[in-house]
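As a plain string of letters, each chain reads:
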Amino acid sequence: MRAWKFLDRTGCAVFSGHRWAISGTAAPGPWLEAGAPALCGRGIHACRAVDLAWWIHDELWEVELSGEVIEGDRKVAAARGRLVGRVAGWAGGAARALAESSAWRARDLAIGVLAGHDLEREAGQLSGVTTLEDLQRTGLEVAAALGELSDGGLAAALAGDAAYFAQHGAPLQAPYVAACAAGHATRSGSVDRPFREGFVAERAAQSAWIVGRLALADPA
């Protein structure tokens with residue numbers, strides 16, 4: 001089975017801390033044996049294309065899984081696995097593009113929350129920004145004026161934070177902030193719709209963005 005796995009720049013897995021052997025050739029890397037898999041406990045963990053946004057990190061790799069494979073919520077685990085190849089487009093520009101897209105998505109969500117609370121002036125302030133720098137500044141100014149614990153203030157603050165992360169060397173955080181913004185917007189719009197609903201929907205949209213940008217599909 002083929003799947004996807006994010007690693008840091010040194011080839012280290014985020015949760016297990018295992019450092020994978022990175023081949024200097026186009027050939028697959030060596031097999032890593034992990035024994036009978038148990039989700040979040042033991043095994044070679046990876047994800048399907050639909051779950052990519054939940055695991056984003058510095059580098060994206062295609063992996064091959066073998067032996068017993070079990071599937072869980074947003075992840076799979078196998079008895080053995082190996083790296084097949086790095087997806088160069090992720091670190092080569094897609095990660096930063098997703099961060100920027102996420103910041104503007106958080107801005108649009110904030111505008112909706114502000115308009116829903118009849119804060120048209122503040123919504124207009126955010127709709128008028130044209131750069132991430134302006135979005136960061138304006139979002140935080142609106143949040144300070146309204147109070148960051150208010151619905152509108154928190155929405156504006158999240159947009160400002162997403163813009164900050166997209167600019168300042170932490171592009172992997174911006175999609176998470178945008179997912180939080182979507183959760184907040186969902187809950188703000190209706191007491192019957194929980195935060196999690198919007199958060200999960202935004203993560204799904206981000207995964208679809210990654211798949212489309214990098215022309216990915218779950219390998220056979």
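Above this text is the structure in question.
Visitor: Could you clarify how one ought to interpret the state of the cysteines in this entry?
Guide: Formally, a disulfide is one covalent bond, and it connects the sulfur atom of one cysteine to the sulfur atom of another. Taken as a whole, this structure holds zero disulfides when the rule is applied. Looking at Cys12, it has no disulfide partner, and the nearest cysteine sulfur is the one in Cys47, 17 Å off. You can see Cys40 has no disulfide; the closest cysteine sulfur is in Cys47, sitting 13 Å from it.

Visitor: I'm lost on unusual backbone geometry in this one. Help?
Guide: Negative phi values dominate among residues other than glycine, just as trans dominates among peptide bonds. Even without a glycine there, the phi angle at Cys40 is positive, about 65°. Mapped onto the secondary structure, Cys40 falls in the loop between strand S2 (32–33) and strand S3 (44–46). Given a relative accessible area of 63%, Cys40 falls into the exposed group. You will see that Ala215, though not glycine, has its phi angle at about 55°, which is positive. Among the structural elements, Ala215 can be located in the segment after helix H6 (195–214).

Visitor: Looking at this model, I keep getting lost on the side chain of Lys75. Mind explaining?
Guide: Counting through the fold element by element, Lys75 comes out in strand S5 (residues 75–86). Look at Lys75: it is buried, it has no salt bridge, and the nearest opposite charge is Asp73 at 6.1 Å. Each residue touching Lys75, except ones within four places of it in the same chain, is listed here: Leu39, Cys40, His45, Ala46, Arg48, Asp51 and Trp55.

Visitor: Where do I start with the packing of helix H1 (residues 88–116) against helix H2 (residues 120–127) in this structure?
Guide: Helix-helix packing: each pair is described by the crossing angle between the helix axes and the interaxial distance. Running from N to C, H1 and H2 cross one another at 165°; their axes reach a closest spacing of 8 Å. When the axes of H1 and H2 are compared, the pair comes out roughly antiparallel. With respect to the hand of their crossing, H1 and H2 are arranged in left-handed fashion. Contact residues: H1 offers Arg107, Ala110, Ile111, Leu114 and Ala115, while H2 offers Glu120, Glu122, Ala123, Leu126 and Ser127. Taken together, the residues that form the contact of H1 with H2 break down as six nonpolar, one polar and three charged.

Visitor: Honestly, the side chain of Arg203 in this entry has me stumped. Any pointers?
Guide: Tracing the backbone through its elements, the reader meets Arg203 in helix H6. Glu202 is the oppositely charged side chain nearest to the buried, salt-bridge-free Arg203, at an N-O distance of 8.2 Å. In this structure the side chain of Arg203 is engaged in a polar contact, spanning 3.3 Å, whose partner is the backbone oxygen of Ala53.

What counts as what
Each chain carries its own residue numbering, running from 1 in the written order of its sequence. With the structure being a predicted model, the display of local features is reserved for residues of pLDDT at least 70 and the display and counting of side-chain atom pairs for 80 or more, all residues being used for whole-chain, interface and lining totals. To obtain the side-chain values, all non-hydrogen atoms of the structure were used and water was disregarded. For the purposes of this analysis, a disulfide is any pair of cysteine sulfur atoms at a distance within 2.5 Å. Counting from the N terminus, the helices are DSSP H or I runs at least four residues long and the strands are E runs at least two residues long. Whether a residue is buried, partly exposed or exposed follows from its accessible area with a 1.4 Å probe, protein chains only, as a fraction of its type maximum: under 20%, in between, or over 50%, in that order. Under the counting rule used here, the positive set is Lys and Arg, the negative set is Asp and Glu, and His together with the chain ends is not counted. Note on definitions: salt bridges are taken to be side-chain nitrogens of Lys or Arg within 4 Å of carboxyl oxygens of Asp or Glu. Note on contacts: a residue pair is in contact if any heavy atoms of the two residues lie within 4.5 Å. Axis lines are fitted through C-alpha atoms, for helices just across the contact stretch, and the angle between N-to-C directions can take any value from 0 to 180 degrees. If an angle is under 35 degrees, it is roughly parallel; if it is over 145, roughly antiparallel; if it lies from 65 to 115, roughly perpendicular; otherwise it is oblique. What makes a crossing left-handed is the near helix being turned counterclockwise from the far one by less than a right angle; a clockwise turn instead makes it right-handed. Gly is placed with the polar residues, together with every amino acid not listed as nonpolar (Ala, Val, Leu, Ile, Met, Phe, Trp, Tyr, Cys and Pro) or charged (Asp, Glu, Lys and Arg). Polar contacts, as used here, are pairs of N or O atoms within 3.5 Å; protein pairs need one atom able to donate a hydrogen and one able to accept it. Residues neighboring in sequence count only if both atoms are side-chain atoms.

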